[in-house]
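This is what each chain is made of:
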Amino acid sequence: SSSQFFSRCRYLNELKEDDTLCRQAQTSGTFYLFHNLSPFLQKAGKKYLVPQLGAAEMKRILEKFKETEQWIEKSVLIGCSDEHVPHFALDLGALEKSVIESELRGSFTDLRKALFVVDGNDSSLLASAQSLLRWHDSHQYCSKTGQPTQKNVAGSKRVCHASGITYYPQMSPVVITLVSDGSRCLLARQPSFPQGMYTALSGFCDVGENVEETVRREVAEEVGLEVESLWYSASQHWPFPSSCLMIACHASVRAQQAEISMNSLELEEARWFGLEEIVEGLKRDPRSSKQDDGSFLPWFPPKQAIAHQLICEWVKRQTS
């Protein structure tokens, strides 16, 4: 409800601003574990779960490694429940991974894999947690003085006491655009992609650009097409390569001027897809895409990725 949302936002803000209150919350909160930025998962049948460890369980694990409870202060606040149970993320990268996995009966999994096997709420939380943990790991020193920075208890900022500068976590804006000529949509792949996977065009916003300018520039740079019109769809936080805000758009080009001129420095392949091929590709997963001759049928990003939403929206418009 709106009242729960309001109350939760206020409570999280209090925890970020009040170190004493946040330190108290750590004694009653739950913890999501990472090891060198890989989240901890447990398999239950065919599902993968993201366990939340209570403060008592965290204390037990740390005692097993003869570590003190001060380790808890390395955690970062990543949210809370409607009942105001705070959630923290903690990276145990300095401890023996196999021992933790054996103790808790699970495994630390690369985030790219984890995001596509857990449910949507957990994937969003893991992405946010990893981005915040990564930011703290890479901002331990002040860029002006070179002196160490100190995080607050919640991990919502870092301060250089030598210069008085406060650093806040930041996201880089990225546009992801599905181009259409009216009856077809354009998808592409980079050499680093899994075999057979195609997705929408994407690129970082340059300094001084707005979203519209970035869309037009990226489409022109990557496939040599001129965008006639564009409209916004949605946005999504994405932790790769670091912390990005994916701004999803649709763009149209003239069918008479739809010949692709691909930038081979950025892309391995770019081509037009018709409705029937898109519908079939949405049903396909990586395992079913390989053919007997070793080639791969096209498949598209899974539903957790905003590119999937763009493709589904395009299909809906074509069939309505």
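None of the values given here were measured: they were computed from a predicted structure.

K.L.:
How should I be thinking about the environment of Asp110 in this particular structure?
P.N.:
The residue Asp110 is located in the loop between strand 7 (107-108) and helix 5 (111-114) in this model. Judged by its relative accessible area of 42%, Asp110 falls in the partly exposed class. Sequence spacing of Asp110 and Cys142 is 32 residues, and the spatial spacing of their C-alpha atoms is 29 Å.

K.L.:
Would you take a moment to explain a negative patch on the surface for this structure?
P.N.:
On the surface, Glu14, Glu17, Asp18 and Asp19 cluster together to form a negatively charged patch. Inspection of the secondary structure assignment puts Glu17 in helix 1 (residues 2-17). We classify Glu17 as exposed; its relative accessible area is 55%.

K.L.:
I'm lost on unusual backbone geometry in this one. Help?
P.N.:
Excluding glycine, residues mostly have negative phi values, and the peptide bonds linking residues are mostly trans. In this model, Phe240 is joined to Pro241 through a cis peptide bond whose omega is 0°. Relative to the helices and strands, Pro241 is located in the loop between strand 14 (229-238) and strand 15 (244-252). The phi dihedral of Asn36 is positive, around 50°, even though this residue is not glycine. With respect to the element layout, Asn36 can be found in the loop between strand 1 (30-35) and strand 2 (38-44). Assessed through its relative accessible area of 54%, Asn36 is described here as exposed. Residues other than glycine seldom take positive phi values, yet Lys66 does so here, at roughly 60°.

K.L.:
Explain the packing of helix 3 (residues 55-64) against helix 4 (residues 97-104) here, please?
P.N.:
In a packed pair of helices, the relevant descriptors are the angle between the two axes and the axis-to-axis distance. Close contact between helix 3 and helix 4 brings their axes to 11 Å; oriented N to C, the two are set at 135°. As summarised for this structure, helix 3 and helix 4 are arranged oblique, according to the angle between their axes. In this structure, the crossing between helix 3 and helix 4 has a hand that is right-handed. Counted together, Glu57, Arg60, Ile61 and Lys64 of helix 3 and Val99, Glu103 and Leu104 of helix 4 form the full contact between these two elements. Residue composition of the contact of helix 3 with helix 4, by class: three nonpolar, no polar and four charged.

K.L.:
How should the pairing of strand 5 (residues 76-80) be read in this particular structure?
P.N.:
Residues in a regular strand point their side chains to alternate faces of the sheet. Of all five residues making up strand 5, five are buried, and the element is well covered by its neighbours. Bridge analysis of strand 5 against strand 6 (residues 86-91) gives four bridges, and the strand direction is antiparallel. Counted as the bridge partner of Leu77 is Phe88 from strand 6. Connecting the antiparallel pair strand 5 and strand 6 is a turn made up of five residues, with His84 showing a positive phi of about 65°.

K.L.:
Help me understand the layout of surface pockets, please; the structure alone is not making it clear to me.
P.N.:
Where empty space is left can be seen by rolling a probe of water-molecule size over the atoms. There is about 690 Å³ of room inside the second largest pocket. Lining the second largest pocket are 28 residues, with Ser128, Ser131, Leu132, Pro169 and Ser243 positioned closest to its centre. Contributions of two or more residues to the lining of the second largest pocket are made by helix 1, strand 5 and helix 6 (120-138). The leading source of residues in the lining of the second largest pocket is helix 6, at seven residues. Of the residues contributing to the lining of the second largest pocket, the split by class is 11 nonpolar, 14 polar and three charged. Of the domains in this structure, domain 1 (2-136) and domain 2 (172-319) are the two that each give at least three residues to the lining of the second largest pocket.

K.L.:
What is the right way to look at the domain arrangement of the chain in this model?
P.N.:
Reports of interface size often rely on the accessible area that becomes lost once the parts have come together. Taken as a whole, the chain is organised into domain 1 (2-136) and domain 2 (172-319). On a C-alpha basis, the centres of domain 1 and domain 2 stand 33 Å from each other. Of the roughly 840 Å² buried between domain 1 and domain 2, counting both surfaces, carbon and sulfur atoms make up 69%. In terms of surface lost to domain 2, no three residues of domain 1 exceed Arg112, Phe116 and Ser131, which account for 52% of the buried area on that side. Linking domain 1 with domain 2 are zero salt bridges. Where domain 1 packs against domain 2, one counts two residue pairs in polar contact (both at pLDDT 80 or more). Among the secondary structure elements, those contributing two or more residues to the side of domain 1 that touches domain 2 are helix 5 and helix 6. By residue number, the principal contributor to the side of domain 1 that touches domain 2 is helix 6, which donates six residues.

K.L.:
Can you walk me through the nonpolar core in this structure?
P.N.:
Side chains of a nonpolar character, in soluble globular proteins, are inclined to be buried together. Counting 41 residues, the largest nonpolar core has Leu126, Ile176, Leu178, Leu187 and Ile278 as its most contacted members. Counting residues domain by domain, this core receives three or more from each of domain 1 (2-136) and domain 2 (172-319). Apart from residues no more than four positions distant in its own chain, Ile278 is found in contact with Cys185, Leu187, Phe273, Phe300, Ile311, Trp314 and Val315. Tyr11, Ala25, Leu95 and Phe108 belong to the second largest nonpolar core, which has 26 residues in total.

The rules behind each value
- Residues numbered from 1 in each chain as written.
- Predicted model: local features only at pLDDT ≥ 70, side-chain atom pairs only at ≥ 80, totals over all residues.
- Heavy atoms only, no water.
- Helix = DSSP H or I, 4+ residues; strand = E, 2+ residues; numbered from the N terminus.
- Buried < 20%, exposed > 50% of the residue type's maximum accessible area, 1.4 Å probe, protein only.
- Patch = residues over 30% accessible without salt bridge, like charges linked within 9 Å, V, L, I, M, F, W, Y side chains within 5 Å.
- Areas by Shrake-Rupley, 256 points an atom, 1.4 Å probe, with all protein chains shown as cover.
- Salt bridge = Lys/Arg side-chain N within 4 Å of Asp/Glu carboxyl O.
- Lys, Arg positive; Asp, Glu negative; His and termini not counted.
- Charge placed at Lys NZ, Arg CZ, Asp CG, Glu CD.
- Axes fitted to C-alpha atoms, helices over the stretch in contact; angles between N-to-C directions.
- Parallel < 35°, antiparallel > 145°, perpendicular 65-115°, else oblique.
- Left-handed = near helix turned anticlockwise from the far one by under 90°.
- Contact = heavy atoms within 4.5 Å.
- Nonpolar A, V, L, I, M, F, W, Y, C, P; charged D, E, K, R; others polar.
- Pairing = 2+ DSSP bridges.
- 1 Å grid on protein atoms, 1.4 Å probe; cavity = no way out; pocket = protein on both sides within 12 Å on 5 of 7 lines; lining within 4 Å.
- Points joined across faces, edges and corners; volume = space filled by probe spheres on them.
- Domains from an automatic or database assignment.
- Buried area = accessible area lost by both parts, 1.4 Å probe.
- Polar contact = N/O pair within 3.5 Å; in protein donor to acceptor, adjacent residues only side chain to side chain.
- Core = buried A, V, L, I, M, F, W, Y, C linked by side-chain atoms within 4.5 Å.

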